[in-house]
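# Structural description and commentary
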Amino acid sequence: MGRERALDSICTLQDRRGMIPWAAGHHADPWNHTEAVIALALGRRPLEALHGLEWLARAVNRDGSYCQFYTSSAVLEPRIDLNNCLYPSVGLLAYLVGTRDAGNVRRLLRTFDVTVDFVLRQQRPDGSFPWALSPDRTPMDGSLLAGSSAMLISLEAVEAVDALMGRNRPQIKESYGALASFIRDPASRFLAKDAWAMDAYYPVLAGVYDEVTARARMRLFLEDHWIAGEGIQAIAESRWVTTAETAETAMALIRIGDLALARRLLGDIEQLRCPDGGYLTGWVLPQRVSFPADEESAYSAAAVVIAGYLLELGRPSGLIEGLLARE
C-alpha cells in the first residue's frame, strides 16, 4: 500500500505532456524526471512510464543533448549536464524489462541513440567527461565524481538495452572502461564536493571499487553523514536530512550486501512520508523543519520506491543488475 501511494504521488505530479517536475509548481530536469520514470516502471505503471519516456524524446535537442532544466512549456536553463543526458537510458531499460514493449523501445531508440552518441563524443582522452557544456557546446572545466559515477550506471544500462534488443556496440564498453579507470585512478582530480554525500556513495553504488574498499569508504561516509534514527545528511554537518540521499545510500549499502543497514535507513525516512503517500524532500534537525518548506518531491518518492525494490531482491545488487532481475 505504501509503495502504491508513493507511485500515486508521482503520477499526480506528471503533466499532460509527460513531464514529471521536481515538485508541484517546479521545473524538471532529465535526471530526476528519469528517476521517477524508473520508479513508475518498477511499480507497474507502464502507461505513465512510457509517457515520461516520450516527453524525453520530445524535449531533446537536435544534436541529442538535453538542457539542464525545463518548465512545462519552455527551457529554463540551457546549460547541458552530460550526466543528465545519459541517465534516460536507465529509464528506457526499466521500461523494457518491465513491459517487453520492444516496439516502443525501438521507436524511442531513434532519439536515445543520438543522445548516447552525443555524450560519447564529449569523452576526453583520459576517459573523463566534462561535467557540463555551455549552451554553445563549449566544455566546462572539471569533472564531478558523483556525476561521473552515475554515468557508469547509465552506460551499463545502454549496454543492457543493446543486449536485449539484439545489438552490439563495442564503443559503449570501451567508454565505460575508460571512465571507470579514470575514477579509480588516485591521481584523477574532480571538482571539490567532498562535503556532499553523493561523492561518497555514488562510486560505491556504481560498483567502482572492490568490496573491501567500498565497505571502508561507506563506513567513513556514514560516520560523517548518518544521524541514526533520522537519515543521511546531504551535506556533512548541515543537519539537513534528505529522503533521496538516504534512499540512495541504502541502494549503495544493498550493492555491498549490507541489507540490514539499508533496511534501517529506509525505516528512518518513513518519518518524512506525507499523508498523500509522497515524501518531503528533507528537513533540518533538530527542529525537524521541512526544507524546502513543505516540498514533496517526485524524485524523493522515486528513490524510496527503487531502493525498496532492490531491498526486496534479498541479495547484493546494483541498480542495473536489479532491473535485469525482473526478466
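This report concerns the structure included in the present document.

Scoring rules and cut-offs
Residues numbered from 1 in each chain as written. Predicted model: local features only at pLDDT ≥ 70, side-chain atom pairs only at ≥ 80, totals over all residues. Heavy atoms only, no water. Helix = DSSP H or I, 4+ residues; strand = E, 2+ residues; numbered from the N terminus. Rg over C-alpha atoms; globule rule 2.2 N^0.38 Å. Contact = heavy atoms within 4.5 Å. Lys, Arg positive; Asp, Glu negative; His and termini not counted. Charge placed at Lys NZ, Arg CZ, Asp CG, Glu CD. Salt bridge = Lys/Arg side-chain N within 4 Å of Asp/Glu carboxyl O. Buried < 20%, exposed > 50% of the residue type's maximum accessible area, 1.4 Å probe, protein only. Pairing = 2+ DSSP bridges. Expected span 1.5 Å × (residues − 1). Arc of directions from axis to C-beta. Phe/Tyr/Trp six-rings, centres within 6.5 Å; stacked < 30°, edge-to-face > 60°. Axes fitted to C-alpha atoms, helices over the stretch in contact; angles between N-to-C directions. Parallel < 35°, antiparallel > 145°, perpendicular 65-115°, else oblique. Left-handed = near helix turned anticlockwise from the far one by under 90°.

## Topic: the overall build of the protein
Secondary structure assignment for the protein yields 14 helices and nine strands. The C-alpha atoms of the protein give 18 Å as radius of gyration, which agrees with the globular expectation for 327 residues (20 Å, within 12%). Viewed in the frame of its principal axes, the protein has a C-alpha envelope of about 50 × 45 × 40 Å. Sequence separation of 24 or more characterises 65% of the internal contacts of the protein that already satisfy a separation of 6 or more. A distance of 5 Å separates the average location of the 33 positive side-chain charges in the protein from that of its 41 negative side-chain charges.

## Some words on the pattern of salt bridges
Under the definition given, this model contains 14 salt bridges. We note a salt bridge from Arg273 to Glu270, for which the minimum N-O separation is 2.8 Å. Overall, the relative accessible area of 25% leaves Arg273 in the partly exposed class. Overlapping salt bridges bring together Asp113, Asp162, Arg167 and Arg169 as one network.

## Quick word on the sheet that holds strand S9 (residues 289-290)
As summarised here, the arrangement of the three strands in space is S7-S8-S9, forming an open sheet in which the pairing is antiparallel. The open sheet has two edge strands with one neighbour each: strand S7 (240-242) and S9.

## Structural notes on helix H8 (residues 170-184)
For H8, built from 15 residues, the straight-helix expectation of 21 Å at 1.5 Å per residue is met to within 8% by its first-to-last C-alpha distance of 21 Å. Taken together, the buried positions of H8 are occupied by Ile172, Ser175, Leu179, Ala180, Phe182 and Ile183. Buried residues of H8, viewed axially, fall in a sector of 160 degrees; they line one side. Projecting away from the buried face of H8 at angles above 90 degrees are the exposed residues Lys173 and Glu174. Its buried side turned inward, H8 meets helix H6 (102-120) and helix H7 (145-164).

## Looking at the environment of Val37
When you line up the elements, Val37 lands in helix H2 (residues 30-42). Sequence separation of Val37 and Ala6 is 31 residues, and the distance between their C-alpha atoms is 13 Å. If we skip the residues at most four places from it in the chain, Val37 touches Ile20, Ala49, Gly52, Leu53 and Gly91.

## Overview of unusual backbone geometry
Residues Leu285 and Pro286 are joined by a peptide bond in cis, for which omega reads 5 degrees. For Pro286, the location among the structural elements is in the loop between strand S8 (282-284) and S9. Cis peptide bonds are those with omega within 30 degrees of zero, and the linkage from Phe291 to Pro292 qualifies with -10 degrees. Along the chain, Pro292 falls in the loop between S9 and helix H13 (298-312).

## A closer look at the packing of aromatic side chains
To describe a pair of aromatic rings, one takes the distance between the centres and the angle between the planes. Applying the stated criterion across every chain, the model contains eight aromatic pairs. With a centroid separation of 5.9 Å and 65 degrees between ring planes, the pair formed by Tyr201 and Phe221 is classed as edge-to-face. On the criterion of sequence distance, the pair formed by Tyr201 in helix H9 (residues 197-205) and Phe221 in helix H10 (residues 211-225) is long-range, its members being 20 residues apart. Judged by its relative accessible area of 0%, Tyr201 falls in the buried class. Cluster of aromatic residues (ring-pair linked, three or more members): Trp22, Phe69 and Tyr299.

## Things to note about the packing of helix H1 (residues 2-13) against H2
Interaxial distance between H1 and H2 falls to 10 Å at its minimum, and their mutual angle equals 130 degrees. The orientation of H1 relative to H2 falls into the category oblique. Handedness of the crossing formed by H1 with H2: left-handed. On H2, the residues that touch Leu7, Ile10 and Cys11 of H1 are Ala36, Ala39 and Leu40.

## Thoughts on the side chain of Ser149
Relative to the helices and strands, Ser149 is located in helix H7. We classify Ser149 as buried; its relative accessible area is 0%.

## A look at H1
Look at H1: 17 Å from first C-alpha to last across twelve residues, which is about the 16 Å you get at 1.5 Å a residue. Of all the residues in H1, the buried ones are Ala6, Leu7, Ser9, Ile10, Cys11 and Leu13.

## Some remarks on the environment of Leu272
Assignment of secondary structure puts Leu272 in the loop between helix H12 (259-268) and S8. Leu272 sits in the buried class, given a relative accessible area of 0%. Separated by 31 residues in sequence, Leu272 and Val241 have C-alpha atoms that sit 9.7 Å apart. Residues in contact with Leu272, not counting those within four places in the same chain, are Thr243, Gly278, Tyr279, Leu280, Gly282 and Trp283.

Purely spatial values, then, with no claim about function.
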